[in-house]
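Chain by chain, the residues run as shown.
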Amino acid sequence: MNWRLGFVVTAAACAVLPLVVPQHSLTILVEALILGLFAMSLDLLVGYCRLYSFGHAAAYGLGAYSYALILTYVPLPLPVGILLAVAVTILIAIPIAWICTRSTGVSFAMLTLAFAQLGYAMLFRFRDVTGGSDGLVGIPRHPGPLGIDWFQSKLGYYYLVLVCLLGSYLLCRAIVRSPFGAVLAGIRENEPKTIALGYNTRAYKITTVVLAYGFGGLAGALYAAFAGFASPELFFWLTSGRVLIMVIVGGAGTLIGPILGGVSFVFLEHQLSQVTDLWPLIFGTIFMAFVMFAPQGIWGILTSRFRSKPAAPNSDSGKEAPGAAT
Amino acid sequence: MPLLECRGLTRRFGALVAVDGFDLTVEPGEIRAVIGPNGAGKSTVFNLITSVLKPSAGQVIFAGEDVTGLPVHQVAQKGIARTFQLCHIFPALTVRENVRMAAQAREGRRWQFLGGGGVLSRSATAADEAMARMRLTRMADATAAMLSHGDQRLLEIAMAIAQKPRLLMLDEPTQGLSIEETGRAVQILKDMLAAGDLSVLLVEHDMEVVFKLADNITVLHRGRVIADGAPAAVRASAEVRSAYLGGAQ
Amino acid sequence: MNWFGFILAQCLNALSQASILFFIACGLTLIFGIMRIVNFAHGVIFMLGAYVGYTANVVTGSFLVSLVVAPVVVGLVGMAFERTLLRHLYGRRDGGAYLLLTFGLAVVLSEVIRLIWGVQPLGTGIPDFLRGVVIILDQPFPLYRLFLIGLGVAAAIAIWQFLERARPGLLIRAVSQNSEMVHALGTDVDMVRTAVFGFGCALAAVGGVLAAPLVTAFLGMGTSVVIDAFVIVIIGGMGSFLGSIIGSVLVAFVQVMGAYYFQDLALALMYLLMLLVLIIRPGGLLGKED
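Quantities reported herein were computed from a predicted structural model and do not represent experimental measurements.

Some thoughts on the overall build of chain C
On a plain count of helices and strands, chain C comes out with 11 helices and 2 strands. N-terminal to C-terminal, the α/β element order of chain C is α-α-α-α-β-β-α-α-α-α-α-α-α. Radius of gyration (C-alpha) of chain C: 19 Å, near the 19 Å computed for a compact globule of 290 residues. Sorting the 290 residues of chain C into buried and exposed places 50% on the buried side. Residue pairs in contact within chain C that sit at least 24 positions apart in sequence constitute 76% of those at least 6 positions apart.

Let's talk about the overall build of chain B
Across its full length, chain B carries 9 helices and 10 strands. Taken against the 2.2 N^0.38 rule, which gives 18 Å for 249 residues, the C-alpha radius of gyration of chain B at 18 Å falls within 12% of a compact globule. Principal-axis analysis of the C-alpha atoms places the extent of chain B at approximately 60 × 40 × 35 Å. Put simply, chain B has 249 residues, and 48% of those count as buried. Considering only residue pairs separated by 6 or more positions, chain B has 67% of its internal contacts joining residues 24 or more positions apart.

Focus: the packing of helix α12 (residues 279-293) of chain A against helix α4 (residues 96-117) of chain C
Relative to each other, α12(A) and α4(C) sit at 160°, their axes nearing to 9 Å. Classed by the angle they form, the pair α12(A) and α4(C) counts as roughly antiparallel. α4(C) is crossed by α12(A), and the crossing has left-handed handedness. Contacts between α12(A) and α4(C) involve Pro280(A), Leu281(A), Gly284(A), Thr285(A), Phe287(A), Met288(A), Val291(A) and Met292(A) from the former and Ala97(C), Leu100(C), Leu101(C), Gly104(C), Leu105(C), Val107(C), Val108(C), Glu111(C), Val112(C) and Leu115(C) from the latter. In terms of residue class, the contact of α12(A) with α4(C) is built from 14 nonpolar, 3 polar and 1 charged.

Regarding helix α7 (residues 154-176) of chain A
Residues and elements named next belong to chain A. Taking 1.5 Å per residue, 23 residues should reach 33 Å; α7 reaches 32 Å between its end C-alpha atoms and fits that length. For α7, every residue scored as buried is listed here: Tyr157, Tyr158, Leu160, Val161, Leu162, Leu165, Ser168, Tyr169, Cys172, Ile175 and Val176. Where α7 is buried, its residues touch α1 (3-20), α2 (26-49), α8 (179-196), α9 (201-227) and α11 (256-275).

A word on the sheet that holds strand β3 (residues 31-35) of chain B
Residues and elements named next belong to chain B. Spatially, β6-β7-β8-β3-β9-β10 is the arrangement adopted by the 6 strands of the open sheet, whose pairing is mixed. Two strands bound the open sheet, and with one partner strand each, they are β6 (80-82) and β10 (224-229). Across the sheet, the mean angle from the axis of one strand to that of its neighbour is 15°, orientation sign disregarded. Judged from the 5 bridges that link them, strand β7 (residues 167-171) and strand β8 (residues 199-203) form a sheet pairing that is parallel. Bridge pairing links leucine 167 to serine 199 in β8.

A short note on the confidence of the model for chain B
Taken residue by residue, chain B gives an average pLDDT of 86. The fraction at 70 or more is 97%. Element-level pLDDT for chain B is lowest in helix α9 (residues 238-245) of chain B, with a mean of 75, against a maximum mean of 94 in helix α3 (residues 95-104) of chain B.

Structural notes on the environment of Leu151(C)
Position of Leu151(C) relative to the elements: it lies in helix α5 (residues 143-164). A C-alpha to C-alpha distance of 24 Å links Leu151(C) and Asp138(C), two positions 13 residues apart in sequence.

Digging into the interface of chain A and chain C
Contacts between the two partners involve 32 residues from chain A and, on the opposite side, 32 residues from chain C. Of all elements in the fold, only α5 (105-125), α10 (237-250) and α12 of chain A reach the threshold of two or more residues within the side of chain A that touches chain C. Broken down by element, the side of chain A that touches chain C gets its largest block of residues, 13 residues, from α5(A). Here the side of chain A that touches chain C is composed, by residue class, of 21 nonpolar, 7 polar and 4 charged.

Some remarks on unusual backbone geometry
In this structure, Lys164(B) is a non-glycine residue whose phi angle is positive, near 45°. Here the phi dihedral of Thr216(C) falls at roughly 65°; this positive angle occurs in a residue that is not glycine. Counting through the fold element by element, Thr216(C) comes out in the loop between α8 (189-215) and α9 (221-236). Its 16 C-beta neighbours within 10 Å are what place Thr216(C) among the partly exposed residues.

A look at the interface of chain A and chain B
The partner chain B presents 33 residues to the 27 residues of chain A that form the contact. Of all the elements in the fold, those that place two or more residues in the side of chain A that touches chain B are α7 and α8 of chain A. Partitioned by chemical class, the residues of the side of chain A that touches chain B number 16 nonpolar, 8 polar and 3 charged.

Comments concerning the sheet that holds strand β2 (residues 16-26) of chain B
Residue and element names in this part refer to chain B. Ordered in space as β2-β1-β4-β5, the 4 strands form an open sheet in which the pairing is antiparallel. Bordering the open sheet on either side are β2 and β5 (65-66), each of which pairs with just one other strand. As defined by bridge partners, strand β1 (residues 4-13) adjoins β2 across 7 bridges and the pair is classed as antiparallel. Residue pairing in the sheet places leucine 4 in a bridge with valine 26 of β2.

Here's the deal with the nonpolar core
Generally speaking, nonpolar side chains in soluble globular proteins are found buried as a group. In this structure, Ala158(B), Ala205(C) and Val231(C) are the most contacted members of the largest nonpolar core, which totals 295 residues. If we skip the residues at most four places from it in the chain, Ala158(B) touches Val99(B), Ala130(B), Met131(B), Arg133(B), Met134(B) and Leu136(B).

Observations concerning the pairing of β3(B)
Residues and elements named next belong to chain B. Across the 5 residues of β3, 5 count as buried, placing the element largely inside the fold. Residue alternation in β3 divides its side chains into two sets, Ile31, Ala33 and Ile35 and Arg32 and Val34, and both sets are buried. Bridge count between β3 and β8: 4 bridges; the pairing is parallel. Counted as the bridge partner of isoleucine 31 is valine 200 from β8. Where β3 meets strand β9 (residues 216-221), 4 bridges bridge the pair, whose relative direction is parallel. For arginine 32, the partnering residue across the bridge sits in β9 and is asparagine 216.

Comments concerning the packing of helix α1 (residues 3-35) of chain C against helix α10 (residues 241-261) of chain C
All names here are of chain C. At a minimum axis distance of 7 Å, the contact between α1 and α10 shows a crossing angle of 140°. On the basis of the axis angle, α1 is oblique to α10. Regarding α1 and α10, the two cross each other, and that crossing is right-handed. Broken down by class, the residue content of the contact of α1 with α10 amounts to 15 nonpolar, 9 polar and no charged.

Remarks on the pairing of strand β1 (residues 133-136) of chain C
Residues and elements named next belong to chain C. Relative to strand β2 (residues 139-142), β1 is paired through 4 bridges, and the arrangement is antiparallel. Paired with isoleucine 135 across the strands is proline 140, a residue of β2. Counting the residues that bridge the hairpin from β1 to β2 gives 2 residues, and of these leucine 137 lies at a positive phi of roughly 50°.

Points about the environment of Leu17(A)
Residue and element names in this part refer to chain A. Here leucine 17 lies in helix α1. On the basis of neighbour counts, which here come to 14 C-beta atoms within 10 Å, the residue leucine 17 falls in the partly exposed class. C-alpha of leucine 17 to C-alpha of leucine 29: the two residues are 12 residues apart in sequence and 9.1 Å apart in space.

Focus on the confidence of the model for chain C
All names here are of chain C. A residue-level look at chain C finds 92% of positions with pLDDT of 70 or above and a mean pLDDT of 84. Predicted confidence is poor over residues 285-290, with pLDDT under 50, and the contacts of this stretch with residues over four places away or in other chains come to 25 contacts. Across the interface, the model reports ipTM at 0.89; the global pTM reads 0.88.

Analysis parameters
Residues numbered from 1 in each chain as written. Chains lettered and ligands numbered in written order. Predicted model: local features only at pLDDT ≥ 70, side-chain atom pairs only at ≥ 80, totals over all residues. Helix = DSSP H or I, 4+ residues; strand = E, 2+ residues; numbered from the N terminus. Rg over C-alpha atoms; globule rule 2.2 N^0.38 Å. Buried ≥ 20, exposed ≤ 12 C-beta atoms within 10 Å, placed from the backbone. Contact = placed C-beta atoms within 7 Å. Axes fitted to C-alpha atoms, helices over the stretch in contact; angles between N-to-C directions. Parallel < 35°, antiparallel > 145°, perpendicular 65-115°, else oblique. Left-handed = near helix turned anticlockwise from the far one by under 90°. Nonpolar A, V, L, I, M, F, W, Y, C, P; charged D, E, K, R; others polar. Expected span 1.5 Å × (residues − 1). Pairing = 2+ DSSP bridges. pLDDT = per-residue confidence, 0-100. Core = buried A, V, L, I, M, F, W, Y, C linked by C-beta atoms within 7 Å.

Shown next, in the form of structure tokens:
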């Protein structure tokens with residue numbers, strides 16, 4: 001499968017999609033893309049480093065609340081507000097990354113969870129600023145700079161999110177196929193050996209956590225600007241859980257799998273929640289089934305059918321990063 | 001100036017003294033073997049030199065620089081490549097990628113996020129060279145986990161070579177290798193040494209390999225050096241004999 | 001105000017809290033000792049215990065009966081989970097699978113609880129025969145909390161003796177240290193694992209039943225608890241029974257003192273404590289390494 005062709009076709013399909021579906025589906029489409037981006041950000045950690053974060057909601061919540069709070073005080077144009085929110089998220093992510101990467105495995109997972117819970121607690125502690133359990137409502141999005149306002153409409157916003165998602169995907173893909181990405185594969189496969197080769201794996205892990213937070217924060221900021229509100233639920237452990245499920249079921253370590261996982265999750269959730277109250281239970285069960293029997297996820301299964309031999313580094317013939325697992 | 005110098009290296013585990021006042025030098029271009037009965041502390045010495053274990057006392061000087069207790073990756077960056085007793089490779093990656101990872105470690109710009117095509121192709125070329133040396137080229141695209149134990153060991157050595165080290169530390173490299181594979185490895189090492197600019201420190205049980213390769217031998221017994229010198233002298237030493245035969249107290 | 005009495009009251013408060021924490025942490029550490037995994041679902045198991053206990057209490061009208069029924073039911077659930085699902089992951093190179101599976105269990109159990117019992121907090125309050133206060137040094141102290149302390153101490157001694165003296169207890173310790181050897185000697189190690197996992201869950205359920213009269217059974221009570229339990233096990237040492245006692249007492253004191261002096265931050269205090277512990281000792285303080 002020629003990757004470039006696949007990408008162009010998918011991008012074109014996504015561009016055309018909102019024009020052929022009913023107007024009321026547009027909201028779901030936007031949310032789906034945002035969740036897809038959020039899930040992909042976690043894949044950097046889970047799929048490429050095998051660092052299981054149980055607190056990635058923190059990235060999402062930080063992005064959302066950063067945008068919301070900034071916009072409460074300064075009426076910045078949307079793109080600027082979002083960029084600033086991402087910058088804030090990244091800044092806060094650095095000490096978090098430094099602390100969490102001191103440990104591995106369960107301890108890492110617990111630390112990430114603890115930070116997310118800490119964020120959750122802080123929202124209630126400083127409820128004057130953050131609105132506590134009510135959250136922040138009426139978050140605006142302003143046109144600009146230079147009077148650009150095509151993203152003010154729902155359709156326009158869809159294209160904004162699509163551009164962000166596609167751009168982030170390209171960026172992440174380039175990262176995992178770069179020398180940096182190869183080291184991540186080494187960390188995933190045999191960290192002691194990677195260190196013995198002379199790589200400072202701690203620094204690589206910190207960087208990856210920060211990157212993951214950055215992209216997750218972008219998703220959060222896009223969400224806050226779209227929905228117009230931010231609530232503590234964004235930091236809740238179940239939010240972290242859901243995105244982890246999306247990554248695993250979608251296919252960890254493929255970037256595409258988690259995006260699909262996120263997108264499908266939103267659609268399924270929307271459809272199923274109208275029919276039954278049991279859908280979280282169903283998702284949880286499906287998740288456990290995948291963990292046990294199909295850890296490579298849906299996309300992993302699909303692509304292993306088409307993959308004949310692992311691609312050489314830097315070639316586009318496969319969906320492989322230089323160090324992606326065969 | 002010696003390339004590597006160990007001065008009074010000591011390592012205690014509680015009451016057990018695993019290595020006691022270990023002295024050793026490796027000159028540029030030298031092959032030195034460290035031998036000794038099981039439990040003598042050979043792997044511990046390796047771990048102390050590469051900083052996987054921090055010494056209780058003593059120093060490690062590499063190329064005139066005190067590297068004692070530096071983080072493991074920094075010691076490796078100084079120019080020391082090492083193999084492990086329990087074969088350490090990247091099982092899920094291809095053979096080529098395994099070696100390329102090692103070669104990439106020498107690149108200055110390996111932090112590159114984007115592009116990095118130059119780094120990737122240079123390290124791929126270096127990997128191809130190392131694989132060719134170890135006669136692994138035909139297996140380049142195989143998953144490392146699929147290789148036989150012997151080939152995995154050779155892969156590990158290829159990775160060490162690809163790091164273009166100044167000091168190559170091999171921890172029982174021929175363990176589990178067939179006679180043919182052992183002979184192959186020995187010849188390759190000899191060729192590399194002839195090409196120059198490489199020193200080797202090796203731990204080995206196979207005495208034939210030791211006497212074929214080593215310029216000098218250090219004998220360890222119960223954490224202490226009991227003999228140090230050319231192979232002939234060591235072979236003749238009464239102390240060494242009794243250590244191996246278990247008579248020594 | 002009698003200053004000494006106040007301190008005593010705070011200490012007893014902390015000890016009663018420690019008691020509940022001990023049941024949870026002990027279960028978690030036993031499971032880790034035997035299986036080398038951290039049961040991420042442990043908090044939700046605790047929650048399940050609270051809810052099952054509530055129902056048992058309502059149905060039979062007896063708190064003591066619920067104190068027996070809930071651990072049994074939850075223990076069986078735990079055993080079923082281990083037998084059918086967890087077991088399949090042994091021998092997998094990727095340690096993350098355990099993490100994910102127990103996490104999945106947490107999600108699923110949470111939902112099941114929500115579906116069965118609804119979103120409203122449930123509670124019957126402190127049982128009648130344990131209501132009231134006891135005057136200690138001029139300070140009134142709730143009888144229920146004394147009961148908690150007593151029960152905790154009794155359980156700690158019982159489990160300790162069980163592990164030290166009773167044959168099954170020795171077996172458990174043996175499997176913790178060297179399961180292959182024990183297996184070679186003819187014991188069904190799988191069964192020991194299942195039993196211990198069930199026992200660990202049962203202990204957490206006891207904690208839930210005991211906690212419910214104080215905080216009611218509510219959704220989400222498991223999340224902070226699992227972090228607390230993890231902190232305790234880290235402090236006390238993964239797999240160390242004694243460590244779970246020490247850790248529980250330590251954490252309880254921090255929580256009680258913290259809630260008193262840093263009210264607003266009480267919620268955050270636990271997380272800060274864990275961060276501190278893991279920053280200082282990424283692998284834990286005592287006992288076996290992660």
